[in-house]
Amino acid sequence: MLFIVSAPSGTGKTTLVERLVKVTDHLRMSRSYTSRPPRGDEVHGVDYNFVSRARFEQMAAAGEFLEWADVFGNLYGTHAGETDKYLQGGDDVVLVIDVQGARKVRAQNVPHVGIFVLPPSFQVLEQRLRGRSKDNEDAIRRRLQVAREEVSAFEEYNYVVINDALDLCVERMKGIVLAERSKLARMRPKAAQVLGTFEL
Ligand code: 5GP
């Protein structure tokens, strides 16, 4: 199963999903490719696969991405082959991607479950963006402006989670994953096995 998590930047979605995959069996986070340079203590192959813009464009032209988008002037993409490999291996995969990327996945009719994470309020988001002080004033303003546009996309998703408290939010997201795994359509083959033991 493919899960897509989107949220405006500064909502804490990466921390949330990192926690979520730690506490949920058979769930892994996809590692995106990006043309943006590493920030702070980010590590190649851990936080992102950092590649040059030219290499990214080459990969995009070769159709290697399930989706890709230009976010704040940098390119970000989900590798189709890597995502498929995890899914074939029996794990569920979470993509932490922006609203444009989610739309591209939806447009291809790739089955997935969308989760939108909202901050408790615009004011809290602003405080968080200023607090992490990774960006200059211009960048913060740009992120806030994009956030204003992105939050209105929440209705395109299947679930909405408000990140008011980290632990609670992780719990809600795990609840969503477990509930999705228990849906009748997904459980039918396993249920049939159990029913087989009843010799019905
Ligand atoms: P940041 O540069 O702060 O790590 O990420 C900026 C934005 O890019 C975030 O909204 C993040 O969700 C989005 N993003 C990260 N990876 C991908 C990806 O593979 N595809 C798309 N469409 N967006 C991504």
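These lines cover the structure that appears in this document, whether it is placed above or below. Not measured: the values here are computed from a predicted model. (Residues numbered from 1 in each chain as written. Predicted model: local features only at pLDDT ≥ 70, side-chain atom pairs only at ≥ 80, totals over all residues. Heavy atoms only, no water.)

### Side note on the packing of helix α1 (residues 13–23) against helix α7 (residues 166–181)
Test applied: To get an axis, fit a line to the C-alpha atoms, keeping to the stretch in contact for a helix; angles then go from 0 to 180 degrees between the N-to-C directions. Under the DSSP-based scheme used, a helix requires at least four consecutive residues in state H or I and a strand at least two consecutive residues in state E, with every element numbered from the N terminus. For this classification, under 35 degrees means roughly parallel, over 145 means roughly antiparallel, 65 to 115 means roughly perpendicular, and everything else is oblique. Crossing handedness is defined as follows: a turn of the near helix away from the far one that is anticlockwise and smaller than a right angle gives a left-handed crossing, while the clockwise case is right-handed. Note on contacts: a residue pair is in contact if any heavy atoms of the two residues lie within 4.5 Å.
With their axes 9 Å apart at the nearest point, α1 and α7 run at an angle of 55° to one another. When the interaxial angle is binned, α1 and α7 end up oblique. Where α1 crosses over α7, the handedness of that crossing is right-handed. Contact residues: Thr-15, Leu-16, Val-17, Arg-19, Leu-20 and Val-23 in α1; Leu-166, Asp-167, Cys-169, Val-170, Met-173, Lys-174 and Val-177 in α7.

### A closer look at a nonpolar patch on the surface
Going by this rule: Patch membership requires over 30% relative accessible area and the absence of a salt bridge. Like charges are linked within 9 Å, and nonpolar side chains (Val, Leu, Ile, Met, Phe, Trp, Tyr) within 5 Å. In these tables, accessible area is a Shrake-Rupley quantity obtained with a 1.4 Å probe, and a residue counts as shielded only by the protein chains included in the view. In the sections that follow, a salt bridge refers to a side-chain nitrogen of Lys or Arg positioned within 4 Å of a carboxyl oxygen of Asp or Glu.
On the surface, Phe-154, Val-160 and Ile-162 cluster together into a nonpolar patch covering about 220 Å² of accessible area. Looking at the element boundaries, Phe-154 is found in the loop between α6 (137–150) and β9 (159–162).

### Some words on α7
Let me state the cut-off plainly: To estimate how far a helix should reach, multiply one less than its number of residues by 1.5 Å. Residue exposure (1.4 Å probe, protein chains only): buried if accessible area is under 20% of the type maximum, exposed if over 50%, otherwise partly exposed. The directions considered for the arc run from the helix axis to the C-beta atoms.
With 16 residues, α7 should cover 22 Å at 1.5 Å per step; its first-to-last C-alpha distance of 23 Å lies within 8% of that length. Among the residues making up α7, those that are buried are Cys-169, Val-170, Met-173, Ile-176, Val-177 and Glu-180. What you see down the axis of α7 is that its buried residues fit within an arc of 115°, all on one side. Summarising the geometry of α7, the exposed residues directed more than 90 degrees from the buried face are Asp-167 and Glu-171. Looking at the buried residues of α7, the elements they touch are β1 (2–6), α1, β2 (27–29), β8 (113–118), β9 and α8 (184–197).

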